[in-house]
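Chain by chain, the residues:
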Amino acid sequence: MDFETLRDRALAFRTELLARKEKIAPADFDWYPYDTMANILHLDALPTGKHREVLTGLAGSRIADIGAADGDFGFFLEAELGCQVDIIDNAPTNFNGLRGARRLVTELSSTAQVHEIDLDTQFRLPAEHYGAVFFLGLLYHLKNPFYVLETLARHADVCFLSTRVAQVTPDGTPIKEQPVAYLLHATEANNDPTNYWIFSETGLRRLFDRTGWEVLDFTTVGCQEGSDPRSQDRDERAFALLRSRQAR
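In this text the structure is predicted, and so the values were computed from the model without any measurement.

### Quick notes on the packing of helix 1 (residues 3-23) against helix 3 (residues 72-81)
For the pair helix 1 and helix 3, interaxial distance at closest approach is 10 Å and the crossing angle is 120°. Of the possible angle classes, the one that applies to helix 1 and helix 3 is oblique. By crossing handedness, the relation of helix 1 to helix 3 is classed as right-handed. Facing Leu 6, Arg 9, Ala 10, Phe 13, Leu 17 and Lys 21 of helix 1, the residues of helix 3 in contact are Asp 72, Phe 75, Phe 76, Ala 79, Glu 80 and Leu 81.

And the structure:
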């Protein structure tokens, strides 16, 4: 299966899953409200050349969908590529306490495993080795991104990652070319105290290198000029395809 076919099937799966969620709408919790399956469009724009084969090459392998919300993307990889899926999130900060993911395991007759893991602790992954981890939109919500990325590099061959980045600080100081991160105040961005570190692109790339990852492809979306750590209209997101230098 080529990447374009996989992308089209992902979009079809998104439509089918949304319809099923509406049909079985639970009374005791709400589904995660954001379109996580739309990440396939950003992933489609990320890999170049032979790297476009990385995602389809995961067929039959074990993968981890970390910070998975309701686990939509992991369920898709199970259905289309036959992946063995670990859905990993922290129940207290997950939108519905992981009830959405667990309900979908039943509704989809899935073999995916749902794991409650707090990445802000000295955590252990459910498996020793993964073909890939999907780590989308999570890094800036972590207190210790260095420890998490270093741990993942020891257990996964590749990582698909996205996170918010910034070119300037809130007062306009340029940081894009500096290897730094901005630490948000608890109420500074969307009044969300789980927002912590917003890296510059240079800082993010250095973090990858220091934690054992090689950057295969990298792109950004959103605000392309003057992005900052807190303004909703100046939100820039980096997407990276990484290969571990340490995987077992």
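### Regarding the packing of aromatic side chains
Enumeration over the complete set of coordinates arrives at eight aromatic pairs. On the basis of an interplanar angle of 85° and a centroid distance of 5.5 Å, the ring pair of Phe 29 and Trp 31 is categorised as edge-to-face. The burial state of Phe 29 is the same as that of Trp 31; both residues are buried. On the basis of an interplanar angle of 45° and a centroid distance of 6.1 Å, the ring pair of Phe 73 and Phe 76 is categorised as tilted. Placement of the pair is Phe 73 and Phe 76 together in helix 3, with a separation of three residues, close to one helical turn. Residue Phe 73 shares its accessibility class with Phe 76, and that shared class is buried. Aromatic ring contacts, followed pair by pair, group Phe 13, Phe 73, Phe 76, Phe 134 and Phe 160 into a single cluster. In this arrangement the basic side chain of Arg 52 is found over the ring face of Phe 3, its NZ or CZ atom lying 4.7 Å from the centre. Stacked on the ring of Phe 218, the Lys or Arg Arg 205 has its end atom at 4.1 Å from the ring centre.

About the thresholds
- Residues numbered from 1 in each chain as written.
- Predicted model: local features only at pLDDT ≥ 70, side-chain atom pairs only at ≥ 80, totals over all residues.
- Heavy atoms only, no water.
- Axes fitted to C-alpha atoms, helices over the stretch in contact; angles between N-to-C directions.
- Helix = DSSP H or I, 4+ residues; strand = E, 2+ residues; numbered from the N terminus.
- Parallel < 35°, antiparallel > 145°, perpendicular 65-115°, else oblique.
- Left-handed = near helix turned anticlockwise from the far one by under 90°.
- Contact = heavy atoms within 4.5 Å.
- Phe/Tyr/Trp six-rings, centres within 6.5 Å; stacked < 30°, edge-to-face > 60°.
- Buried < 20%, exposed > 50% of the residue type's maximum accessible area, 1.4 Å probe, protein only.
- Lys NZ or Arg CZ within 6 Å of the ring centre and 35° of its normal.

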